[in-house]
2 protein chains.
Amino acid sequence: MIGTTAVAAEPRTPEWVADAIFYQIFPDRFARSLTVPKPSNLQPWGSTPTYHGYMGGDLVGVVERLDYLCDLGINAIYFTPIFQSASNHRYHTHDYEKVDPMLGGNEALRRLIDAAHGRGIRVVLDGVFNHASRGFFQFHDILENGADSAYLDWFEVRGFPLHAYSSDHPPNYAAWWNLPALPKFNIRTPAVREFLWETGRRWIEFGIDGWRLDVPNEIDDDSFWREFRRRIKAANPEAYIVGEVWHESQRWLQGDMWDAVMNYLFTRACIGFFIGQDVDRGELDRTVLSAARPLDAAAFSQEIRRMLGLYHPAVNLVMLNLLDSHDMARFVTLARGDTTALRLATVFQMTYVGAPSIFYGDEIGLSGGHDPLNRAAFPWDQARWDLPLFHHFQRLIALRHASPALRRGSFTTLLADAGILAYLRRHQDDTVLVAINTEDRPRAVNISARRQIPDEAELDEVWASNSLKAEAGVFRHVELPARSARIFRAQGLAPASAPPDWP
Amino acid sequence: MIGTTAVAAEPRTPEWVADAIFYQIFPDRFARSLTVPKPSNLQPWGSTPTYHGYMGGDLVGVVERLDYLCDLGINAIYFTPIFQSASNHRYHTHDYEKVDPMLGGNEALRRLIDAAHGRGIRVVLDGVFNHASRGFFQFHDILENGADSAYLDWFEVRGFPLHAYSSDHPPNYAAWWNLPALPKFNIRTPAVREFLWETGRRWIEFGIDGWRLDVPNEIDDDSFWREFRRRIKAANPEAYIVGEVWHESQRWLQGDMWDAVMNYLFTRACIGFFIGQDVDRGELDRTVLSAARPLDAAAFSQEIRRMLGLYHPAVNLVMLNLLDSHDMARFVTLARGDTTALRLATVFQMTYVGAPSIFYGDEIGLSGGHDPLNRAAFPWDQARWDLPLFHHFQRLIALRHASPALRRGSFTTLLADAGILAYLRRHQDDTVLVAINTEDRPRAVNISARRQIPDEAELDEVWASNSLKAEAGVFRHVELPARSARIFRAQGLAPASAPPDWP
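Owing to the predicted nature of the structure, the values given are computational and were not obtained by experimental measurement.

### Points about the overall build of chain A
Reasoning step 1: Assigned secondary structure in chain A consists of 16 helices and 18 strands.
Reasoning step 2: Computed over its C-alpha atoms, the radius of gyration of chain A comes to 24 Å, within 12% of the 23 Å expected for a compact globule of 503 residues.
Reasoning step 3: The dimensions of chain A, computed from C-alpha atoms along their principal axes, are 80 × 55 × 45 Å.
Reasoning step 4: Per-residue burial over chain A gives 64% buried out of 503 residues.
Reasoning step 5: Residue pairs in contact within chain A that sit at least 24 positions apart in sequence constitute 70% of those at least 6 positions apart.
Reasoning step 6: On chain A, roughly 17,500 Å² of surface is accessible, and the fraction owed to carbon and sulfur atoms is 50%.
Reasoning step 7: Positive and negative side-chain charges in chain A, numbering 51 and 62 respectively, have mean positions lying 2 Å apart.

Spelled out as structure tokens, the structure:
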């Protein structure tokens, strides 16, 4: 059962992910359809999020908002969990075979996938395979029957009766973070492995485009993940497998397990450079990223180089690059409301190597501290949106879609000086130069791209009528207003004569 | 939502039930297929049943034993619950949409229904609609989220946190018999009503032939049952709806709610007459039938008359007549092992008005006291069977199938004297006379059938070459060995000139 697979020399990752811009949806809070029957006791839409209350978003609501998502420009959705669960975040899975009834059930997912695919939007689900919930059938069987349960070996039980709902005793079974609500699967049991593999395969067959794996490093068993990959890719070779790991992940990204991870190293670096000293330390300390330190451009550039060096280029192209998520304060909140930090970070995210992922609402200025506040209901009243911010996202997304260099190009740092970062992306005849000034004052800088572009190359500024002309490979006196970025692009330039920083 | 339906003058009951002989299967204990994957911790097949242990019977096992059931002669199966449940009896429903995985899942039910229907065998499932289980999704949501649960109105909750797994507190929510494991549905909530009605309808659409309703009298709401009937009959007008009620049930059997009930009044009378003084009082006192008292033939006959008078004849034809079930000691055990009591009672059951129901294993002499002992694994080793008893069942079943009089005929008591009961069943040109001697000594009796049959009528003894000839309507000196029955039959007799006792 436990096979060994030779590590592929070149990891084969899904082509489409290099071209993807993800939108992360927390289903209870994105959109509600009036056509989906709802239970009676819901929090009002837009009220302050609580740990346990539901607001009643659903998948049909997402179908009804696909126009909005197309307008924004994204072409992939990552959903936090959608399976039947007695928690508003649905990480406590009650049934892996059913989409939660409050979300509209399996029929709603069918509609969503068909409608999304019809518009060229991929759908990735959250796979919570490390642990189940207290209501999950096989665990419930142990809870009800004790030592007579048929399913004793599905979990690691240390005594009876189970202390699953006890205020006096810690759980006497393996549980994630020792939380009694989250009994950990006993991954050594063949029936459990088979159940999880088949769950993975079944939904791929249903039509989803990949799995984001919740805390997959806690399933400390490479053979499990190799077989998981084998079954997923057998069902759909282009399915995306992306693990939630907050640190370096070479172990799993050699081509035999996952395709990529959620790039929280990227997040950490962006917090350090684009927010820097002004970060809300209290909020930051509540995340796994609390080690983030202010970075100047040189340190940020060095960290980029380090990150790009961790994985094979085919992996870097499909990393899931996020600025925030449901597991941390929103980026704009970490920046104490300074939207310029979010704007600059988004410029970087949309022009960097790997698939950008936007946490729903970031694009209209939704704020919120750590869980549960980061999970506010999407305000569909446009009067409450930061419309300029939305347009900023929109045009950066459009630019990325238009530019192969941004999606698949090489990456070379041209300038990293105090708060100024400039870099070049090149792919075939497409060239993009990005210059970012994170400082609170305007700067005028010389940016050398010598041997990366022809000495007399001319680039046009995007979204403006300016152009930038090199002199002996150097752009002189490029003006960068405070806390702003400029992007220049050319097509048809002669190839570089020096190798790029990456790949 | 709460409609009123006029009571039908003549209840419309399913035709096929009058011709049915049921076999009641407790799925964990009837038959195991090697083709259904099983969890690891099962009790050995045939070990002493426990409250919480599983033995691993399944529905494919039943498919594999259809030859046996056809050989026995039954043409309908009533299954105690089969939906996903963390209890070996499966009355604690975890999911109403899934057949338990240990039973083979929904696919196994599909196979079973198709195979059974292919042999003319109907399939009736157990509908447990009064209460769910602690693991049932909407209850679990309250358990996990307390006052923030979306589903608060699905149950009658009196405080938080729920005392669902507390050894110190009784349940602070409505529960069947105040058992914390069995939270009672709040039937006033529209979503709950709709859920239960649709559950009923969905499985009828799937192909089952009816519902046995668990403790349906505890859903004290006629409008609920009227709509339930409407939906079931809309899906299949011939579906059978039979309630588990241990007492008089006129309220529900007027044609607008159920078709029939499990006839425990019949059971009680049979215990009183066929077991009588020798009943195991300790076992009897553990049942709802503890009021059963020894009956002589006159009292038994009077009770029959009373029972037949309770309901419309169309209802009596489809009552579910059982001698025992999973909810009481087996009949032979109540009789302290005296199989003659079971044999005689079965003669009566197979020749009486209404559909006989055999609790699996009774036919081969399986014994067992009150729950859990009455739920032993079926011993498939024939060396352990009471084969003569099996043949007794077999020929009585065959006789009932052959005789319209036994299934649909009138009923007239001819003789009720001390331990002797004789009665006549007539339907069109089919006439059957049954004479039963429950006494421990042989008797020779005169049985008058005057005006019920022609004065000089001649009847042939079934399974023998004897015949019985009336003299002026009286059969003289009919010899009845101790603890035995004789059955006589004629075809083509002239109609009776006097009305029968029933209908």
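Structure shown, so let's carry the discussion forward.
### Some thoughts on the sheet that holds strand β18 (residues 484-491) of chain A
All names here are of chain A.
Reasoning step 1: Judged by pairing direction, the sheet is antiparallel, and its 6 strands sit side by side in the order β11-β12-β13-β18-β15-β16 without closing on themselves. Among the strands making up the open sheet, the edge pair consists of β11 (410-417) and β16 (467-469). Across the sheet, the mean angle from the axis of one strand to that of its neighbour is 25°, orientation sign disregarded.
Reasoning step 2: Relative to β18, strand β13 (residues 430-437) runs antiparallel, the two being bridged by 8 bridges.

### Here we look at the sheet that holds strand β15 (residues 458-461) of chain B
All names here are of chain B.
Reasoning step 1: Strand order in the open sheet formed by 6 strands is β11-β12-β13-β18-β15-β16, with antiparallel pairing between adjacent strands. The sheet is open, and its two edges are formed by β11 (410-417) and β16 (467-469), each paired on a single side. Strand-to-strand twist of the sheet, defined as the mean angle between neighbouring strand axes without regard to direction, takes the value 20°.
Reasoning step 2: Direction of pairing for β11 relative to strand β12 (residues 420-427): antiparallel, over a ladder of 7 bridges.

### Observations concerning the packing of aromatic side chains
Reasoning step 1: Summed over all chains, the structure comprises 111 aromatic pairs over all chains.
Reasoning step 2: Judged by centre distance (6.4 Å) and plane angle (65°), the ring pair of Trp380 of chain B and Trp385 of chain B falls under edge-to-face.
Reasoning step 3: Against the face of Trp380 of chain A rests Arg65 of chain A, its NZ or CZ located 3.9 Å from the ring centre.
Reasoning step 4: Taking the ring centre of Phe206 of chain A as reference, the NZ or CZ of Arg110 of chain A above it sits at 4.4 Å.

### Here we look at the pattern of salt bridges
Opposite charge on two side chains permits them to pair, given that their charged atoms come into close proximity.
Reasoning step 1: Applying the stated criterion across every chain, the model contains 88 salt bridges over all chains.
Reasoning step 2: The closest approach of N and O atoms between Arg443 of chain A and Asp417 of chain A, which form a salt bridge, is 2.9 Å. You can see Arg443 of chain A sitting in strand β14 (residues 443-448) and its partner Asp417 of chain A sitting in strand β11, a full 26 residues away along the chain.
Reasoning step 3: For Arg443 of chain A, a relative accessible area of 16% corresponds to the buried category.
Reasoning step 4: With a relative accessible area of 32%, Asp417 of chain A lands in the partly exposed category.
Reasoning step 5: Close ionic contact of Arg231 of chain B with Glu227 of chain B constitutes a salt bridge, the shortest N to O distance being 2.8 Å. Of this pair, Arg231 of chain B and Glu227 of chain B both sit in helix α8 (residues 222-235), 4 residues apart, which is roughly one turn of that helix.
Reasoning step 6: Under the relative-accessibility criterion, Arg231 of chain B is labelled buried at 14%.
Reasoning step 7: Exposure remark for Glu227 of chain B: the relative accessible area of 15% places this residue in the buried category.

### Section: the domain arrangement of chain A
Reasoning step 1: Domain boundaries assigned for chain A yield domain 1 (15-130 + 203-402), domain 2 (131-184) and domain 3 (408-491).
Reasoning step 2: Computed from C-alpha atoms alone, the centre-to-centre distance between domain 2 of chain A and domain 3 of chain A is 58 Å.

### Quick look at the interface of chain A and chain B
Reasoning step 1: Listed by partner, the interface residues are 39 residues for chain A and 39 residues for chain B.
Reasoning step 2: Between chain A and chain B the total buried area reaches about 3,100 Å² when both faces are included, carbon and sulfur atoms providing 50% of it.
Reasoning step 3: On the chain A side of the interface with chain B, the three residues burying the most area are Phe137, Glu144 and Tyr165 of chain A, jointly 19% of the side's total.
Reasoning step 4: For Lys98 of chain A, the salt bridge is made with Asp95 of chain B, and the minimal N-O distance between the two is 2.7 Å.
Reasoning step 5: The interface formed by chain A and chain B contains 29 residue pairs in polar contact (both at pLDDT 80 or more).
Reasoning step 6: Mapped by element, the contributors of at least two residues to the side of chain A that touches chain B are β3 (83-85), β4 (93-99) and α6 (137-145) of chain A.
Reasoning step 7: Among the elements that make up the side of chain A that touches chain B, the one with the highest residue count is α6 of chain A (6 residues).

### What about the relation of the copies chain A and chain B?
Reasoning step 1: Taken as rigid bodies, chain A and chain B are interconverted by a rotation of 180° and an axial shift of 0.0 Å, the fit giving an RMSD of 0.0 Å. Such a combination of turn and shift is consistent with a two-fold rotation axis. Relative to the rotation axis, the C-alpha of Gly135 of chain A is the closest in chain A, positioned 2.5 Å from it.
Reasoning step 2: Of the residues that chain A buries at the interface, 100% are likewise interface residues in chain B, meaning the two copies contact each other through the same surface.

### Overview of the pairing of strand β7 (residues 240-243) of chain B
All names here are of chain B.
Reasoning step 1: Of the two faces of β7, both are covered, the one formed by Tyr240 and Val242 as well as the one formed by Ile241 and Gly243.
Reasoning step 2: Pairing geometry for strand β6 (residues 210-213) and β7, over 4 bridges, is parallel. Looking at the pairing, Gly210 lines up with Tyr240 of β7.
Reasoning step 3: Of the crossover connections in this fold, the one passing from β6 over α8 to the parallel β7 is right-handed.
Reasoning step 4: Judged from the 2 bridges that link them, β7 and strand β8 (residues 260-263) form a sheet pairing that is parallel. Opposite Val242, over in β8, you have Ala260 as the bridge partner.

### A closer look at the pairing of strand β4 (residues 93-99) of chain B
Residue and element names in this part refer to chain B.
Reasoning step 1: Buried residues dominate β4, accounting for 6 of its 7 residues.
Reasoning step 2: Where strand β3 (residues 83-85) meets β4, 3 bridges bridge the pair, whose relative direction is antiparallel. Note that in β4 the partner of Gln84 across the bridge is Asp95.

### A closer look at the packing of helix α9 (residues 264-275) of chain B against helix α14 (residues 339-351) of chain B
Packed helices, taken two at a time, are described by their axes: the angle between them and the distance between them.
All names here are of chain B.
Reasoning step 1: Axis separation between α9 and α14 bottoms out at 10 Å; the angle between their running directions is 135°. Taken together, the axis directions place α9 and α14 in an arrangement best described as oblique. In this structure, α9 meets α14 at a crossing whose hand is right-handed. Along the contact surface, α9 presents Phe266, Cys270, Phe274 and Ile275, while α14 presents Ala341, Leu344, Ala345, Phe348 and Gln349.

### A closer look at helix α15 (residues 387-402) of chain B
All names here are of chain B.
Reasoning step 1: Over its 16 residues, α15 extends 22 Å from the first C-alpha to the last, a length consistent with the 22 Å expected when each residue adds 1.5 Å.
Reasoning step 2: Buried within α15 we find Leu389, Phe390, His392, Phe393, Gln394, Leu396, Ile397, Leu399 and Arg400.
Reasoning step 3: Against the buried residues of α15 lie α1 (15-18), α4 (66-72), α14, β10 (355-359), α16 (404-408) and β18 (484-491).
Reasoning step 4: Taking the backbone nitrogen of Leu389 as reference, a side-chain oxygen 3.1 Å away marks Asp386 as the first, capping residue of α15.

### Some details on the nonpolar core
Reasoning step 1: Among the nonpolar cores identified, the biggest contains 157 residues, and Phe22, Tyr23, Phe30, Trp211 and Phe348 of chain B are the most heavily contacted of them.
Reasoning step 2: Top contributing element to this core by residue count: α9 of chain B, with 9 residues.
Reasoning step 3: One finds Phe22, Val123, Tyr151 and Val332 of chain A within the second-largest nonpolar core, a separate group that totals 156 residues.

### Describing the environment of Asn75 of chain A
Residue and element names in this part refer to chain A.
Reasoning step 1: Checked against the element boundaries, Asn75 lands in the loop between α4 (66-72) and β2 (76-79).
Reasoning step 2: Between the alpha carbons of Asn75 and Arg122 there is a distance of 6.3 Å; along the sequence they are 47 residues apart.
Reasoning step 3: Every residue in contact with Asn75, bar those within four places of it in the chain, is listed here: Asp19, Ala20, Ile21, Gly120, Ile121, Arg122 and His401.
Reasoning step 4: Within polar-contact distance, the side chain of Asn75 engages the backbone oxygen of Asp19 at 3.0 Å.

### Topic: the environment of Trp203 of chain A
Residues and elements named next belong to chain A.
Reasoning step 1: Within the secondary structure, Trp203 sits in helix α7 (residues 190-206).
Reasoning step 2: Judged by its relative accessible area of 2%, Trp203 falls in the buried class.
Reasoning step 3: Linking Trp203 and Leu366, residues 163 residues apart in sequence, is a C-alpha distance of 31 Å.
Reasoning step 4: With residues near it in sequence (within four places) discarded, Trp203 still touches Phe83, Tyr96, Glu97, Lys98, Val99, Asn106, Leu109, Ile208 and Trp211.
Reasoning step 5: A distance of 2.9 Å separates a polar atom in the side chain of Trp203 from the backbone oxygen of Tyr96.

Conventions we followed
- Here the residue numbering is sequential within each chain, running from 1 through the sequence in written order.
- Chain letters and ligand numbers both follow the written order, the letters beginning at A and the numbers at 1.
- Reporting in this predicted model follows two pLDDT cut-offs: at least 70 for local features of residues, and 80 or more for side-chain atom pairs to be given and counted; totals over whole chains, interfaces and linings ignore these cut-offs and use all residues.
- The basis for the side-chain values is all heavy atoms of the structure; hydrogens and waters are excluded.
- For the purposes of this entry, the term helix denotes a DSSP run of H or I that reaches at least four residues, the term strand denotes a run of E that reaches at least two, and both are numbered from the N terminus.
- Radius of gyration means the value over C-alpha atoms here, while the globule rule gives 2.2 Å times the residue count to the 0.38 power.
- Each residue's exposure class comes from its accessible area (1.4 Å probe, protein chains only) as a fraction of the maximum for that residue type: buried when under 20%, exposed when over 50%, partly exposed otherwise.
- Residue contacts follow a heavy-atom distance rule, with two residues in contact if any of their heavy atoms lie within 4.5 Å.
- A 1.4 Å probe and the Shrake-Rupley method give the accessible areas. Residues count as covered only by the protein chains that appear here.
- His residues and chain termini do not enter the charge count, which takes Lys and Arg as positive and Asp and Glu as negative.
- A single reference atom marks each charge: NZ on Lys, CZ on Arg, CG on Asp, CD on Glu.
- What makes two strands pair is DSSP finding at least two bridges between them.
- An axis is simply a line fitted to the C-alpha atoms; with a helix, the fit covers only the stretch in contact. Between two such axes, the angle follows the N-to-C directions and lies from 0 to 180 degrees.
- Ring geometry is summarised as follows: Phe, Tyr and Trp rings, the Trp one being its six-membered ring, pair when their centres sit within 6.5 Å, and such pairs are stacked at plane angles under 30 degrees, edge-to-face over 60 and tilted between the two.
- Whether a charge lies above a ring is judged from NZ of Lys or CZ of Arg, which has to be within 6 Å of the ring centre and within 35 degrees of the ring normal.
- What counts as a salt bridge is simple: a side-chain nitrogen of Lys or Arg found within 4 Å of a carboxyl oxygen of Asp or Glu.
- Residue ranges labeled as domains rest on an automatic or database domain assignment.
- Accessible surface is computed with a 1.4 Å probe, and the buried area is the amount of it that two parts give up when combined, taken over both parts together.
- Here a polar contact is taken to be a pair of N or O atoms separated by no more than 3.5 Å, where protein atoms must pair a possible hydrogen donor with a possible acceptor and residues adjacent in sequence count only if both atoms sit in side chains.
- The copies were overlaid with a least-squares fit restricted to C-alpha atoms from residues scoring a pLDDT of at least 70 in each copy.
- When the strands point away from the viewer and the path from the first strand over the helix to the second turns clockwise, the crossover is right-handed.
- Each angle receives one of four descriptions, namely roughly parallel if under 35 degrees, roughly antiparallel if over 145, roughly perpendicular if within 65 to 115, and oblique otherwise.
- Handedness of a crossing is defined here by the sense of rotation of the near helix relative to the far one, left-handed for an anticlockwise turn of less than a right angle and right-handed for a clockwise turn.
- Every helix has an expected span of 1.5 Å times one less than the residues it contains.
- Remark: nonpolar core denotes a set of buried residues (Ala, Val, Leu, Ile, Met, Phe, Trp, Tyr, Cys) joined through side-chain atoms within 4.5 Å.

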